Amino acid sequence: MEINEYRCNSIHNVHSEIFFFERSFFMSKNQSRDEQKFIAEHPKMKKLLEQVEKAAKSRATVYLYGETGTGKEVIAKEIHTLSGCKGKFVAVNCASIPENLVESMLFGHKKGAFTTAFQDQKGKFEEAENGTIFLDEITEIPKAAQPDLLRVTQEKEITPVGSNKVIKVNARIITATNKDLLDEVEKGEFRKDLYYRLNVIRLNIPLLRERKCDLEVLAKLLLEKFAREENKKTMTFSEDAISILMSYEWPGNVRELENVILRAVVMADDDTTTLRKNDLFPERIPDSSPPPIQAVEDSSKSLQEKVNVLEKFEVGKSLSKHKWVKVRVCKELDITRPRLDRLIKKHKF
Ligand SMILES: Nc1ncnc2c1ncn2[C@@H]1O[C@H](COP(=O)(O)OP(=O)(O)OP(=O)(O)O)[C@@H](O)[C@H]1O
Ligand SMILES: [Mg+2]
């Protein structure tokens, strides 16, 4: 079965083999030791952690690229922690700052600089002095603020809004995005010179579906953790649940996995000890059948049977990838809506 191909060396002994990245991932003073597990069993993740350690030793700008929910923020925090710098880790979500406030938010302002500036206010760069400023969703930063950002990366200086005083700043910059910055440069949305300044060390965070061994370990740990937190009995996954977990595409990556398992645990009856496929995906059940290679190669099957297996596999895969947004599924498979509805009925999705 395909799952086996993805399994790292020895998934059987899951608990003894978990890579406990014990130094600082998930550690906050109020967290218990149980919650400090950063799962990085897959070779791609181990490689990433090596890169994280190297990057942490320098003050160079880091650009984290990964789909939503892959762990960009935890990686950014880890670089900050491992760097041992004295200042704070300051996170800014560039997508949530109103365009007219972005400069004041990042660089601060003087009293009276605008109508609601009742007092001098430091910006995020000063707040992150001797620490790290994490600019999340960097592609969403308004164009008007890009020249000033370029200036900080080049000259390490800022000028608060309404002031003519230049302030020297020393904050390590980490940026993150789930869009490729270079695409944004090509579209003219992002300055090329700024792109080169930010893209000194680029770290790509692998998708959850590309690291199935991490997925299985994570799912089991999350189930244990949520069952404990929700005061439920110790739970395990049924075989069909494991199979669906492994074949689903996880477009929302680790965050989506957390949500699916937490929801299933919360909704489970108090005496439930086994979570099944339908507990995880009660409304839309993505295709759980293994890849159709064996079925297609099975010489005892007729051509029509083989076609059916492939058809079911492809439609199921597309439905889960697009979270049942049928218009996208139709586009991807190049079929009409009535045909998709017939296929959903035929294959009992
Ligand atoms: N390797 C991992 N092991 C355990 N938990 C993880 C791992 N990676 C991510 N998580 C958890 O997944 C959730 C999402 O992580 P995080 O917020 O860092 O992702 P993100 O890439 O910044 O997402 P977004 O693009 O949506 O902002 C968090 O709860 C985080 O603790
Ligand atoms: Mg994030």
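Below you will find a few notes about this structure. (Residues numbered from 1 in each chain as written. Chains lettered and ligands numbered in written order. Predicted model: local features only at pLDDT ≥ 70, side-chain atom pairs only at ≥ 80, totals over all residues. Heavy atoms only, no water.)

**Considerations on unusual backbone geometry**
- Backbone geometry places N130, a non-glycine residue, at a positive phi of 60 degrees.
- With respect to the element layout, N130 can be found in the loop between helix 6 (124-127) and strand 3 (132-136).
- N130 sits in the partly exposed class, given a relative accessible area of 37%.
- Phi is positive for N253, close to 55 degrees, though the residue is something other than glycine.
- Tracing the sequence through the fold places N253 in helix 12 (residues 253-267).
- On the basis of relative accessibility, which here comes to 0%, the residue N253 falls in the buried class. (Helix = DSSP H or I, 4+ residues; strand = E, 2+ residues; numbered from the N terminus. Buried < 20%, exposed > 50% of the residue type's maximum accessible area, 1.4 Å probe, protein only.)

**Comments concerning the packing of helix 15 (residues 303-321) against helix 16 (residues 326-333)**
- Helix 16 packs onto helix 15 with a crossing angle of 135 degrees between their chain directions and a minimal axis gap of 9 Å. Our classification of the angle between helix 15 and helix 16 gives oblique. Seen from above, helix 15 lies across helix 16 with right-handed handedness. For the pair helix 15 and helix 16, the contacting residues are E314, V315, S318, L319 and K321 in the first and V329, E332 and L333 in the second.
- Tallied by class, residues from the contact of helix 15 with helix 16 come to four nonpolar, one polar and three charged. (Axes fitted to C-alpha atoms, helices over the stretch in contact; angles between N-to-C directions. Parallel < 35°, antiparallel > 145°, perpendicular 65-115°, else oblique. Left-handed = near helix turned anticlockwise from the far one by under 90°. Contact = heavy atoms within 4.5 Å. Nonpolar A, V, L, I, M, F, W, Y, C, P; charged D, E, K, R; others polar.)

**Section: the packing of aromatic side chains**
- The final tally for this structure, using the stated rule, is seven aromatic pairs.
- Taking 5.9 Å as the distance between ring centres and 45 degrees as the angle between the ring planes, the aromatic pair formed by W250 and F281 counts as tilted. Taken together, the residues W250 in the loop between helix 11 (239-247) and helix 12 and F281 in the loop between helix 13 (277-280) and helix 14 (293-297) connect sequence positions 31 residues apart.
- Chaining the aromatic ring pairs together yields one cluster made of Y248, W250 and F281. (Phe/Tyr/Trp six-rings, centres within 6.5 Å; stacked < 30°, edge-to-face > 60°.)

**Observations concerning the environment of E103**
- Relative to the elements of secondary structure, E103 occurs in helix 5 (residues 102-107).
- The exposure class of E103 is partly exposed, given its relative accessible area of 27%.
- When the C-alpha positions of E103 and T159 are compared, they lie 9.4 Å apart, and in sequence the two are 56 residues distant.
- Excluding its chain neighbours within four sequence positions, the residues that come into contact with E103 are G108, A144, A145, D148 and V161.

**Side note on the packing of helix 3 (residues 43-57) against helix 4 (residues 72-83)**
- As a packed pair, helix 3 and helix 4 sit with axes 8 Å apart at the nearest point and diverge in direction by 45 degrees. Judged by the inter-axis angle, helix 3 sits oblique to helix 4. Once helix 3 is placed against helix 4, the crossing between them reads as right-handed. Every residue of helix 4 that contacts helix 3 at L48, L49, V52, E53 and A56 is listed here: I75, E78, I79, L82 and S83.

**A short note on the pattern of salt bridges**
- Counted by the stated rule, this structure contains 19 salt bridges.
- Here the salt bridges share partners, and the residues they tie into one network are K88, K124 and E127. (Salt bridge = Lys/Arg side-chain N within 4 Å of Asp/Glu carboxyl O.)

**Describing the sheet that holds strand 7 (residues 201-204)**
- Taking strand neighbours across the sheet as the criterion, the five strands line up as 2-3-6-1-7 in an open arrangement whose pairing is parallel. Each having just a single partner strand, strand 2 (89-93) and strand 7 make up the two edges of the open sheet. Put simply, the sheet's adjacent strands are angled 20 degrees from each other on average, direction ignored.
- Pairing between strand 1 (residues 62-65) and strand 7: four bridges, direction parallel. In the strand pairing of strand 7, V62 is matched with I201. (Pairing = 2+ DSSP bridges.)

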